[in-house]
Amino acid sequence: MAFENLKVKIYADGAKLEDMLAAYRSGTAQGFTTNPSLMKKAGVTDYKAFAKEVLSEISDASVSFEVFTDELDTMEKEADILSALGKNVFVKIPITNTKGESTIPLIRKLSKKGYQLNITAIFTIEQVEDVVDALDADTASIVSVFAGRIADTGRDAGEIMRKAAVICKRKPKAELLWASCRELYNIYEADKCGCDIITVPNSILAKSNNVGKDLKEYSLETVQGFFKDASGLGFSIL
């Protein structure tokens with residue numbers, strides 16, 4: 001496989017069951033994450049039915065399902081339901097709700113109850129510190145830092161991820177996840193930064209066949225592609 005020498009685990013990010021199963025059966029992905037936006041894009045209409053169908057096919061790999069509500073009390077009730085769906089379920093809890101209210105008290109409570117959590121939408125080192133402090137040392141958890149979106153602001157995402165990796169080591173069962181992967185090279189960056197996991201959309205996983213490709217050959221293929229497209233347009237400069 002293209003990434004066999006890397007320590008970082010690759011999780012597929014999406015909500016199309018056929019794509020998830022293809023990645024699962026091929027061994028490309030070692031785990032899976034979903035979110036409400038991906039479900040909307042995939043046309044999912046029944047959340048619990050979708051989750052149960054996924055888990056009926058994937059029972060021995062981590063699968064993250066996110067709470068939907070904006071109210072902390074209701075988040076806890078949703079977490080109760082999602083956690084009970086399977087031993088391989090990680091419940092995704094956003095670091096805040098839409099009002100900016102911290103979910104740290106809820107994270108602390110759920111982690112202490114033994115719920116496997118995936119804390120999502122983390123952008124700052126301060127948030128990483130707060131989350132890791134709240135996590136139960138004996139409960140598996142994922143700390144999802146949105147490195148791709150951080151890089152979109154012109155900041156050095158790698159520097160932030162390296163710092164986050166050190167912090168996450170304070171809790172032996174906490175894993176750092178590089179979220180919002182933008183390009184295939186991010187997989188190598190995540191590995192160098194000490195991340196445990198990176199979520200990769202199927203569109204980027206599809207590029208894995210290019211790993212190690214001869215660049216001169218790739219250059220020629222690119223020119224050939226341009227020429228084919230130009231010929232198909234029927235344009236003439238002269």
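Residues numbered from 1 in each chain as written. Predicted model: local features only at pLDDT ≥ 70, side-chain atom pairs only at ≥ 80, totals over all residues. Heavy atoms only, no water.

A.B. asks: Which parts of the structure should I look at to understand the pairing of strand S5 (residues 117–122)?
C.D. replies: Working note: regular strand, side chains alternate between the two faces of the sheet. Where burial is concerned, most of S5 is hidden: five out of the six residues are buried. Bridge analysis of strand S4 (residues 89–94) against S5 gives four bridges, and the strand direction is parallel. Residue Val91 lies in a different strand from S5, and its bridge partner there is Leu117. Crossover handedness for the path S4 to helix H5 (residues 104–112) to S5: right-handed. By the bridge criterion, four bridges tie S5 to strand S6 (residues 141–145) in an arrangement that is parallel. Counterpart to Leu117 in the pairing with S6 is Ser141. Chirality of the crossover, the property in question, places the unit of S5, helix H6 (residues 125–134) and S6 among those that are right-handed. (Buried < 20%, exposed > 50% of the residue type's maximum accessible area, 1.4 Å probe, protein only. Helix = DSSP H or I, 4+ residues; strand = E, 2+ residues; numbered from the N terminus. Pairing = 2+ DSSP bridges. Right-handed = clockwise from strand over helix to strand, strands pointing away.)

A.B. asks: Quick question: what am I supposed to make of the side chain of Glu76 here?
C.D. replies: Here Glu76 lies in helix H4 (residues 72–83). You can call Glu76 buried: its relative accessible area is 17%. The residues touching Glu76, leaving out its near neighbours within four places in the chain, are Leu106, Lys109, Leu110 and Lys113. (Contact = heavy atoms within 4.5 Å.)

Without other data, these values stay purely geometric and don't point to any function.
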